Structures are given as structure tokens and as C-alpha cells.
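Inside the fold
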Amino acid sequence: MINNKKQKNITLSFLLMLLFCYPIFTIFNKKTFIGNIPILYIYIAVSWLVALIFLIISAEAKPFKKHQKNKNE
Amino acid sequence: MSKAIIVVSSLLYLLLLFCIAYYAEYKQKQGKSIINNAYVYALSLGVFCTAWTYYGSVGRATTNGIGFLAIYIGPTIMASLFFPVLRKIIRITKAQRINSIADFISTRYGKNATVASVVSIFCVIGVLPYIALQLKAITISFDILTNNMATSHNLLSDTTLYFTIFLAIFIIIFGTRSVDATEKHEGLVAAVAFESIIKLIAFLVAGVFVTCGIFNGFNDIFFKASHIDEFTKLFTMEGENANAGWFASILLSMVAVMFLPRQFQVGVIENVKEEHLKKAVWLFPLYLFVINIFVIPIAFGGKIIFQNMSVDADTYVLALPLHFNKPLLSMMVFIGGFSAATSMIIVETIALSTMVSNNLVMPIIFSQNKFKNTIDKSIQDTILYIRRFSILFILILAYIYDQFVAHYFSLVSIGLISFTGVAQFAPAIIGGIYWKGATQKGALASIIVGFAIWFYTLIIPSIAHAHIISDSILNNGPFEIFWLKPQALFGLEGFDSITHALFWSMFFNLSAYILFSIYSKPNPQEVYQAEVFVDIDIYQNPEKSNIWRGTAYMPDLYSLLENFLGKERSKNLIQNYAHRHKISIDMHAKADPRIVSFSEKILAGVIGSSSARIMVSSVTKEEELSLNEVFKILHESQQMIELNKELRKKSIELTKATDLLKEANLQLTTMDELKDEFLYTVTHEIRTPLTSIRSLAEIVHENPNLEEAERNKFLGAVVKESERLSHLITKVLNLEKYESGKQKLNLTSFNFIELVNDLYSSYELIAKDKKIKLSLQKPNSMLLLHADKDLLQQVLVNLLSNAIKFTPEDKTIQIVVSDMQTEIQVSIIDAGKGIALELHELIFDKFFQAKNQTIKKPEGTGLGLAICKRIVEMHNGKIWVESEVEKGARFTFTIPNFEA
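Residues numbered from 1 in each chain as written. Chains lettered and ligands numbered in written order. Predicted model: local features only at pLDDT ≥ 70, side-chain atom pairs only at ≥ 80, totals over all residues. Heavy atoms only, no water.

Along chain A, the regular secondary structure elements total four helices and two strands. Looking at chain A residue by residue over its 73 residues, the buried ones come to 30%. Contacts in chain A between residues far apart in sequence, at least 24 positions, make up 52% of those at least 6 positions apart. Entry remark: accessible area of chain A is about 4600 Å², with carbon and sulfur atoms responsible for 68%. (Helix = DSSP H or I, 4+ residues; strand = E, 2+ residues; numbered from the N terminus. Buried < 20%, exposed > 50% of the residue type's maximum accessible area, 1.4 Å probe, protein only. Contact = heavy atoms within 4.5 Å. Areas by Shrake-Rupley, 256 points an atom, 1.4 Å probe, with all protein chains shown as cover.)

The subject of this paragraph is the overall build of chain B. Looking only at helices and strands, chain B features 34 helices and nine strands. Here chain B holds 900 residues, and 55% of them are scored as buried. For chain B, long-range pairs separated by at least 24 residues make up 80% of all intrachain contacts whose partners lie at least 6 apart in sequence. About 40400 Å² of surface is accessible on chain B, with carbon and sulfur atoms providing 59% of the total.

Time to look at the interface of chain B and chain A. With 41 residues of chain B at the contact, the number on the chain A side is 37 residues. In total, chain B and chain A occlude about 3400 Å² of area from one another, counting both sides; carbon and sulfur atoms represent 74% of this. Contact with chain A buries surface across chain B, with B:Phe235, B:Trp282 and B:Phe289 losing the most and accounting together for 17% of the total. On inspection of chain B and its partner chain A, the count reaches zero salt bridges. (Buried area = accessible area lost by both parts, 1.4 Å probe. Salt bridge = Lys/Arg side-chain N within 4 Å of Asp/Glu carboxyl O.)

Residues and elements named next belong to chain B. Residue position: Ile429 is located in helix α20 (residues 426–434). Sequence-wise, Ile429 and Tyr109 are 320 residues apart; in three dimensions their C-alpha atoms are separated by 9.9 Å. In this structure Ile429 touches Ile89, Ile101, Phe104, Ile105 and Phe259, once residues within four positions along its chain are discounted.

This part covers the side chain of B:Thr499. All names here are of chain B. Relative to the elements of secondary structure, Thr499 occurs in helix α23 (residues 497–518). For Thr499, a relative accessible area of 9% puts it in the buried group. Not counting chain neighbours up to four residues away, the residues in contact with Thr499 comprise Ala244, Gly245 and Ala248.

In this section: the packing of aromatic side chains. All names here are of chain B. Summed over all chains, the structure comprises 39 aromatic pairs over all chains. With centroids separated by 5.1 Å and ring planes inclined at 80°, the aromatic side chains of Tyr54 and Tyr55 adopt a geometry described as edge-to-face. For Tyr54, a relative accessible area of 2% translates into the label buried. Taking the relative accessible area as the measure of exposure, Tyr55 reaches 8% and is therefore buried. Summarising the aromatic geometry, the rings of Phe142 and Phe163 are spaced 6.3 Å apart at their centres and angled 80° between planes, so their arrangement reads as edge-to-face. Pair noted here: Phe142 is in helix α7 (residues 113–146) and Phe163 is in helix α8 (residues 159–175), with a separation of 21 residues, a long-range link. By relative accessible area, which is 2% here, Phe142 ends up buried. Through a chain of ring-to-ring contacts, the aromatic side chains of Phe48, Trp52, Tyr72, Tyr130, Phe284 and Phe419 assemble into a single cluster. (Phe/Tyr/Trp six-rings, centres within 6.5 Å; stacked < 30°, edge-to-face > 60°.)

As a further point, take the sheet that holds strand β7 (residues 823–829) of chain B. Residue and element names in this part refer to chain B. Ordered by their spatial adjacency, five strands build an open sheet running β4-β6-β7-β9-β8, and the pairing between neighbours is mixed. Each having just a single partner strand, β4 (773–777) and β8 (878–883) make up the two edges of the open sheet. Shown here is a sheet whose adjacent strand axes are inclined to one another by a mean of 15°, direction ignored. Bridge analysis of β7 against strand β9 (residues 889–896) gives seven bridges, and the strand direction is antiparallel. (Pairing = 2+ DSSP bridges. Axes fitted to C-alpha atoms, helices over the stretch in contact; angles between N-to-C directions.)

Moving on to the packing of helix α31 (residues 752–769) of chain B against helix α32 (residues 789–806) of chain B. Residue and element names in this part refer to chain B. Where α31 contacts α32, the two axes come as close as 11 Å, and the packing angle between them is 35°. Relative to α32, α31 is oriented so that their crossing is right-handed. Note on element contacts: α32 touches α31 through Lys789, Leu792, Gln793, Leu796, Val797, Leu800, Ser801 and Ile804, opposite Phe752, Leu755, Val756, Leu759 and Tyr763. Counted by class, the contact of α31 with α32 contains ten nonpolar, two polar and one charged residues. (Left-handed = near helix turned anticlockwise from the far one by under 90°. Nonpolar A, V, L, I, M, F, W, Y, C, P; charged D, E, K, R; others polar.)

With that settled, the discussion passes to the environment of A:Leu16. For A:Leu16, the position within the fold is in helix α1 (residues 2–20). By relative accessible area, which is 1% here, A:Leu16 ends up buried. Discounting residues that sit within four places of it in the chain, A:Leu16 has contacts with A:Ala51, B:Thr76, B:Ile77 and B:Ser80.

So, about helix α34 (residues 864–874) of chain B. Residue and element names in this part refer to chain B. Judged by how many residues are buried, α34 sits mostly within the fold: eight of eleven residues are covered. When we look at burial in α34, the residues that qualify are Gly864, Leu865, Ala866, Ile867, Cys868, Ile871, Val872 and Met874. Buried residues along α34 sit against α30 (708–740), α32, β8 and β9. Following α34 by one or two positions, Asn876 adopts a phi angle in the positive range, close to 65°.

Residues and elements named next belong to chain B. Of note, the phi angle at Asn876 is positive, near 65°, even though the residue is not glycine. Within the element layout of this structure, Asn876 appears in the loop between α34 and β8. Look at Asn876 and you get exposed, because its relative accessible area is 57%. The backbone of Glu886 sits at a positive phi, close to 70°, despite the residue not being glycine. Its location among the elements puts Glu886 in the loop between β8 and β9.

This brings us to the confidence of the model for chain A. When the pLDDT values of chain A are averaged, the result is 74; 79% of them are 70 or greater. Low confidence marks residues 64–73 of chain A, where pLDDT is under 50. Its contacts with residues over four positions away, or in another chain, come to five contacts. (pLDDT = per-residue confidence, 0-100.)

So, about the packing of helix α25 (residues 554–565) of chain B against helix α27 (residues 593–607) of chain B. Residue and element names in this part refer to chain B. Orientation of α25 relative to α27, taken along the N-to-C sense of each, is 15°, at an axis distance of 11 Å. Here α25 is positioned roughly parallel relative to α27, judged by the angle of their axes. Considering the relative orientation of α25 and α27, their crossing is left-handed. Each of Met554, Leu557, Leu560, Leu561, Phe564 and Leu565 in α25 lies in contact with α27, whose residues at this interface are Ile595, Val596, Ser599, Ile602, Leu603, Val606 and Ile607. Here the contact of α25 with α27 is built from residues that sort into twelve nonpolar, one polar and no charged. (Parallel < 35°, antiparallel > 145°, perpendicular 65-115°, else oblique.)

Before going further, it helps to spend a moment on the nonpolar core. Counting 194 residues, the largest nonpolar core has A:Tyr41, B:Phe82, B:Phe300, B:Phe419 and B:Phe425 as its most contacted members. By residue number, the principal contributor to this core is α7(B), which donates 17 residues. When near neighbours in sequence (up to four residues on either side) are disregarded, A:Tyr41 contacts B:Gly65, B:Ile66, B:Phe222, B:Leu234, B:Phe235, B:Ile296 and B:Phe300. Counting residues in each nonpolar core, the second largest holds 53 residues, with B:Tyr763, B:Val795, B:Phe891 and B:Phe893 among its members. (Core = buried A, V, L, I, M, F, W, Y, C linked by side-chain atoms within 4.5 Å.)

Our next topic: a nonpolar patch on the surface. Together, B:Trp435, B:Leu510, B:Ile514, B:Leu515, B:Phe516, B:Ile518 and B:Tyr519 make up a nonpolar patch on the protein surface, roughly 730 Å² of accessible area in all. Topologically, B:Ile514 is positioned in helix α23. (Patch = residues over 30% accessible without salt bridge, like charges linked within 9 Å, V, L, I, M, F, W, Y side chains within 5 Å.)

Residue and element names in this part refer to chain B. Within this structure, the stated rule accounts for twelve salt bridges over all chains. A salt bridge links Glu274 to Arg91; the shortest N-O distance between them is 2.7 Å. In this pair, Glu274 is assigned in the loop between α13 (261–269) and α14 (276–292) and Arg91 in helix α5 (residues 82–96), connecting sequence segments 183 residues apart. On the accessibility criterion, Glu274 (18% relative accessible area) is buried. The exposure class assigned to Arg91 is buried, which follows from its relative accessible area of 18%. In this structure, the salt-bridge partner of Glu873 is Lys869, at a minimum N-O distance of 3.8 Å. Here Glu873 and its partner Lys869 are both found in helix α34, four residues apart, which amounts to about one turn of the helix. Since its relative accessible area comes to 36%, Glu873 is described here as partly exposed. Taken together, the shared-partner salt bridges in this structure form one network comprising Lys436, Glu531 and Asp535.

Next up, the structure:
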């Protein structure tokens, strides 16, 4: 179970890296605007928020799953 | 604004910090630590946001657009790795009583003093300018607020000097309470967490003022900005290598958020419980997100307002409220920036002073023989004074740097240069906790080579830009060697200086680390430490795998500890430890090896692991262990630990098995009891007819002169009783067959109505004999059923015979057959004396009669209904009774009709 959590964390970090780095990033690196705000700015703000939500879920959701599993075994 | 007001307010703010720190320590003494709290921990990590964030981000945003955010997105990504990486570092630190990042690296690589001092020196070089930057931020913001544009400062009239002195006093008071550097600095951490709140609020208020007070929201600012040509290039990231720069900044900040000395201090050393990480994982990135929301609006807003004025973009946060004549708001913003700067200075100074005193000053002092083997009560004071002087030394150095060097450099770059410097530790640390093969020489090479490249590619150009050395080196390379140009090393061009430096320094750093590790042999101590660091989860309790071998005497150890910790404390520590591990201590005999290791660890908390090792070995005679012996000990202890784990697992399994067995045993006992009761009933039932057969036979046997008619009557009775007996035995056998599952269903398709009709006609006669009326209610069509015909017939026979048995004369028995589509339902309704409600379930129980001797029981063997129940259930049907006493009974059973 501990390893499982470790794997989840590492997967999450890779996903976040992808979100903020080279290939996907260039999609939004354009002079397009939503309202008056550049799309790149909006993309960064939104994906940062998404990252925060993922972090909250991964840290707070069912932290004691491990113990429950043990009980069921 | 009046200078006096600002100075007084700042001093008041510092006093407030004093109060908070004092309160925190007061609470701690009462046992109610306020830093033992996940939120305080997460806030203290906010020390990542310095004056560089507070003022500098805005400045960077005006020239690079959103690129500055990489510094805060990196930590957000890193937060997802806090659990695997930072938690492991925290565990190691606690288990090994490590007190700084230099101590961490040196402890991993064999508690080597050289490693510790090299890391300490590089930390000071890398971070000192960063502290100076904070002082500079205070100076500049102060000047702007007082509108003091005088360029020349008189040293004595320089307020920054006084702030620095004040801060030094603060840090000395709350930072050097105890000689044990692993003890938490409650007061300082509380103050830093408080400052995180202040700077956040101040910046947000300024942001709201600019966005909503001066402009009409985000859209308005961007709308106005889009009309200015200069801005349009900020809306995207431009340049062919912009992505590389962005990526490099993310990587740098990911590393910096853990390994900057101040981050290591608050994140690892001051961590009270590793569970606090759980909140910090999302709260800290959230903090970074919130504090950055208004950076772009302030940057763009400032640029729009100050278009044609010469206002430094780094100061827009402060300049905007001043420009719009909001003195109170300006004051608030100033205090926010002040708090960002001071919190960084406090933590960084503490971290650096621990390193400088433990790894640079103390080894020199303790290598002099006068401290060895003597009881010197002043050693504790000496250590504290060394720490205090280190703090002063660092702050003075930072002040001098700020006053005389910093103005040559641009502010903005200092932060990133520091980040890149600290990143040089990353391979040695990360490799150290995951790769057992990494050696001391590898780590030393990696750090030295990395720093050399860092110095060459970032510091030399800064110095050249400042015209301290000729800048021809930048254009033509040293000695005209073109491919050695510091900013285009080996001809790598087109990247910004940070990306360029990061690439080359990491390239050589990693290469040196791996190559030297592979081609050098570790000493036994290194092998042991590598094992403990990488497998910290196994060696959480390192005393178990103690590798110290040699001779040591208790009095020597005691006097050593007393020198550093005082008599009382060292006695307590040793005795508690001995008690916990069941070691008996004889004050005048040889010391247990575990006590020696423990003493070394305690000392490590005070003077660092490398010095502690030297001190302990000075009072003991240690036997050199060969590599093989270390491996053997490690292997054994690992086996022990695994064996323990295995044992624990097995014992849990055993407990579970025992529980199951107990349950099964209980079931068996009840079943056994039931079986006894059943046997009792059956034999009882068999004995009744047997007795009458025997007495009848005896009568006939003993009276040969009986009359023919009489004799026949008796013999007839014998036959009848025998029939009853064999009938009973058949029933018992049948029941046994059904119960054990030996009886297989012989399924055939047949017309159920036909079966009922047959039975009805045969039982009509029997009923007539007893003067009972029989009525049948059935559907008109045929009812095809797929079931065991013989068994179903038996059910009907049993129920009907029961009904006839219990129904008095002149009453009616009703048989009702109904087709319920998915099943057929048969009810047999008698007019007997009825069955009490509490018996409705029990009567279907084969043990019913035996178990309920006290209850008034109906006549019969008590097996008929049990057999019916079994048969119906074998067909997946149900059987039940509805009845009240004196009102007859209605027995109903259903058989699913799968063919329907």
C-alpha cells in the first residue's frame, strides 16, 4: 500500500510536469485572447488550479485506506 | 512620508515578532507547542517567498511576462513528490539527529568532515548574496517610502544597519537557546509563520487596490495593456529557447524548494511531525498560487501608469499606492515587504550559522587537544558563543555585500543564481538517499565540479558585468580561448545564462558523481551510512544494527557528554536510553557499544556528525572494521529485521486462524449437542413401539391358551406397531439422506395437477373414514412442473396426513393449488387446534421436539415437517405456516416453476 501511494505520487508529478512543460505548453503559446486576457495566462492559471485540486485529492482522500485494507485481509 | 513614523512602525513590527516568538516559547514550556501544527508548518514553508517574490516578481513580469511563475510552479510540482522524497529525508534526519543540509550530506557520505565543510562554504557563497538582496530590498523600499533619493549613504545614518543589528539580536536570542541544534526553534518558526501571513495579506491588499481601485478588474488592465506595443510581446513566451528557460526555472525551483538552506531548515529540521506534510502538500502550493494572483496586474498596471516616468519596476508594489497618495496602504505594503525580507533573513541566517559553527569553526577548535579528555564547563558556552558570532558574522557579511558589492549587480538575477548554486547539492542528496553505490569521493567531486562550473558560468560574468574584471573574457573567452567563453561554454549558445549554467553545471556534476562513485571504493563507515540512508524504513531504529566495535569506558563517555550538554542532561539521556534498551550501566566499567553509538548521535545534534565522530573516537579505542564485517553485520541485522517482520506477519495470521478455529469449534459443539438431542428423540420414539411390541409378544408367548380371536388381535397390534417402527426408521433414514445431500433430485417434467388429483382421490377415502371433509381448489389448466415427482408427493402426503391427524370430526380440510406464474403455491388448511406463534419456525426443525420438552408439543415423530422443509428447499422453494391457537393452521409451500 505504501508503495502504491508512492507510485501515485510519482505518476502525479509526471502528469504535472507534462501539463506545464514543452509540448502542451506550446499549444497555448499564441496571441489568442479570451476577453482581453492572453490564452497562455489563462492556461497557466487553470492548470495550476487543476494541479492544486489533484494535490488536495491525493493528499487528503482516504488517508487510512491502508488500515482498512489490512482489516479486510 | 516621515522617516520617524516608518522607523517606529518597523521597530514596532519587529517587537511584535519578539512577542510572538516569546509567546511560542512560553507555550512550548507549558507543553502546548504552537508549531506542532500542520498549518503553522505549511505557513513556515512560505519563507520560500522572499522580498524577491514580493518586489522582484513584479519587476520580472514587466520584462518577461508570465515567465516568472516557473519559480512557483516548480514547487507545486515538487509538492506531489513531498511524500516520497521529503518524508524520507525527514525520517533520516530525525533518526540520525542531523542539524543542517551540510550535516545531512556529510553524514550520508561517511560522516566526513571535508564534505561537511565544503558544503558549508558553498552554501555561504551561494546564499550570502541572497541575504544581501533582502537587506537591499529593505533599503530600497525604505528610501522610496521616505522619498529619500540620496545616493550616498552615511553608514551611521543608514537605517538598514540598525535593522540588521536588531535582527541579529532577535536571531541570537531565539536561535541559540540550546546547544542542541536539532532542537526546534519554536519562537523563530512561529514568527516566520506569522510573517508568511503578513506578507500575503499585504500583497493581496495591494493587488486588490491596483486591480479594482485604480483599474476596473483584470480585463481592464489587459485591455489597456493591449494598446501599448511594448506589452504585446509579453503575452506569449518569445524566443526560440523560451521553453528551455521556462523548463530550467521549473527544475531549479523544484530543487530549491527542498535544498535551499532555509527551506531545508523549516521543511526538515524544524518539522515536528512528518504527518504535517499531508497538509503542506497542498497548502503550500496554494499559498504560492494566491500570493502570485496579482503580480501580473500590478506589473502591467504599474507599467501603464508609469509609462513615461523612470520608476524601477521592482518597486511598483510600493510606488503605486504612493503615486495615488495612499499613505496607510503604502505603509502596509512596506511592512509586508519588510516581513518577507526579515523572515528569509532569520531562517537563512540560522541555517547558515549552524553550518558555519558546526562544520567550519568547531572542527578547528576541537582539533586542538585542550578540549579532549578534560571536563571543561565552558564548552557549552563556547559553542553558544560560536553560534552567536556566526550569526553576527553572516549578517555583517551580508550587510557589507549589500553596501559595497550588491549595487554592481542587478537584483533580479541573484535569486536564480542562488538557486542554481544550491541545485549542485541535488545529485549528492537525491542520489544519496536512493543509490547505495554513491561514495564520498563521488559526492565531493560532484559538488566541487558543479560549483566550479556554476562560479565560472554565472559569477564570473556578473563580476565582469560589474567591470571588476575585464569583460573581454565574456566576448573572447579567457586567454582568447573562444570555446571557453563563460556564457557560451564549448560553444553552446542561444540559451539564457541560467539555463546555460544549469545545463553545464549539472552535466559535469552528474558525470563526476556517477564516475567517481563507480571508480572509488567506499570505506566501511560509508557503506554503513549508505545502507541506513537508502533503507531508512528498515533502520528506523539504528541502534539495532550497531556497527561500532571497540573499547570505551563509561567515565570517558560521560565526561565527554557533560562537556557539551551539562551533567544533569547527559545523565538523564544516557539513563533513559539504557533503560529503554535494557542495558545495565556500570559507571566504572566498559561501555556497551550501543551507548557509544547513542552518545555519538547526541553529540551530532550539537556539533554535527563529523565533529561528533572525531570527539567520540578521541575518548574511545575503536577497532577498524573491514568492509566484509560491515556487510556481515548489515546483512545479519537486515535478516533479523526481516525475520521479525515475517514473524509478526505469521503471528497475525495465527491469531486469525485461531479465531476461525474457535468459531468452528463452537459450531461443532452446538451441532454435537443437537445431534445428541436428536438421537435421544429418535431412540425415544423407537422405544415406544418397541415396548408395546415386546409386551404384546410376551402376552402371546406366556399365554399359550389364549383364544384365537384374542391372539389375532394381539398379533395384529404387533404387526401395526412394527409397521410404525419401520415407518419411523424410513423417515429418519430419508431425512439423513436429504440432510447429507446424498439424495439427488430426480427431475422430470410432469403435470402437477394430476399428482394432486391422484392424492386427493386416495385421501378422500381416508378422510371419509374419520368423518372429515376434503376440498380441492385448483386452476383449470394443467400445471407443468420440472421437479422430483416422488419427493413432492411425499411433501403433500406428509402435510395431508398431519392435517387429517389434527382435524377433528365434521370439519373440512382445504387444499388450494394456485399458479403464481414463476412458481406454484400449495396450501393445506386444516381446522385443528392451531399452532402458537412462537412455534411457527420451530416446528420445521427436526430437533424441535427434543429441544422443546417444556413446550406443549403436537403428536407425531416431529420428522415429517423437517423432511418437507428439506425437500422444498432442495427445489429452491419455501415452506411456512400461518396459524393461531384454536383456529386451525394453514401450511403453504412454493416450488419455483422454471419452465414458466
